[in-house]
Amino acid sequence: MEASMRKPGGRPTREQAGVLEMQILEGARSVFCRSGFANASLEEIALRLGVSKHTIYRRFPNKAALLDAVVEQDLGRFRAALVAAAKEGSGALDALRRMAGRYVRIGSSRDYAAFYLSVSAEAALSATLRGRLAEWSRSALEPLVAALAEAQASGALRPGHTESVCDILVDLLEGANNRARLRRDAAADGEEQQALFEQRWAVFLAAFGTVPLSPEETRPGN
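Worth saying up front: this structure is predicted, and the values here are computed from it rather than measured.

Criteria and thresholds
Residues numbered from 1 in each chain as written. Predicted model: local features only at pLDDT ≥ 70, side-chain atom pairs only at ≥ 80, totals over all residues. Heavy atoms only, no water. Helix = DSSP H or I, 4+ residues; strand = E, 2+ residues; numbered from the N terminus. Buried < 20%, exposed > 50% of the residue type's maximum accessible area, 1.4 Å probe, protein only. Expected span 1.5 Å × (residues − 1). Contact = heavy atoms within 4.5 Å. Salt bridge = Lys/Arg side-chain N within 4 Å of Asp/Glu carboxyl O.

J.: Report on the environment of H161, specifying residues and quantitative values.
T.: As for its position among the elements, H161 is in the loop between helix 7 (127–154) and helix 8 (162–181). Residue class for H161 comes out exposed when judged on its relative accessible area of 52%. Separated by twelve residues in the primary sequence, H161 and A149 place their C-alpha atoms 9.1 Å from one another.

Here it is as C-alpha cells:
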C-alpha cells in the first residue's frame, strides 16, 4: 500500500496522503475495536495496513494521538448526522425528535457499539481515558443540547437545566440502543429501532413536554 501512495521518485501527493491517513484511521479503529486500546499496538496496526510503523509515527506521535484522531473523525460524522436530521424537522420539537431518532439509528449499530463500548470499558480503569471520554461525549452531544435549548425556548418543552435534561434523554436513548445491540440474531431492523425509539420518546415527552400526550401516544410501541 505504502509504495502505491507515492509519486514516481517522490513523496505522496496531498490527495494520496489524505487517502493514506484515512486508511490509517480506519485500520486503527478496527484494531482498537478488536484488541482494545490498551492491548493494541502501532505495530499491529501497521501490519494490518501493510505499511511501515514509521509511516504511522510520521503522522501520529503515539497511540493516544492516534485514538484521538480516530474519535475526532467519528465525532465529526456523528455531529453532522445529527445536524442533518434536525434540518429535516418542522419546528423545534420535531427537529429534536428527528435528531434523537438518528442518535438511536447510529448508536444501535454493532460497529459503533463495539468500538465505543470497548473504549468505555477501558476508561473504567484509566482516569486519563475517562477524562477524554467525557470530553468526547460533550462534543458529540453539543448539537443535541442546542436542539433541546431551542425546544425549551419555543415552549414545546418545560424550562430546566438543558444539559441535565439532555443527560436524561440520552439515558433513555441508550436504553433503546442496548436492547437493539444485544439481540441474539442481528442488529434491530429499522422498524424495531423505530419502535424502541418511540417508546423512549413518549416517556421523555411525558416528563418534559408541555402538551399532554394522548392515550395512544403513551401506549408501548407507539
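Following the structure, the description resumes.
J.: Before we move on, can you summarise helix 6 (residues 110–123) with the specific residues and values?
T.: With 14 residues, helix 6 extends 19 Å between its outermost C-alpha atoms, agreeing within 8% with the 20 Å of an ideal straight helix rising 1.5 Å per residue. All buried positions along helix 6 are accounted for by A113, F115, Y116, S118, V119, E122 and A123. The inward-facing, buried residues of helix 6 abut helix 1 (14–35), helix 4 (63–87), helix 5 (92–107), helix 7 and helix 8.

J.: Lay out the pattern of salt bridges in plain terms, naming residues and giving numbers.
T.: Taken as a whole and assessed by the stated rule, the structure comprises twelve salt bridges. Notably, a salt bridge pairs R102 with E88, separated by 3.4 Å at the nearest N-O pair. Separated by 14 residues along the polypeptide, R102 in helix 5 and E88 in the loop between helix 4 and helix 5 bring together distant segments of the chain. For R102, a relative accessible area of 15% corresponds to the buried category. Here E88 falls in the partly exposed class, since its relative accessible area comes to 45%.

Such coordinate-based values are descriptive only and should not be taken to indicate function.
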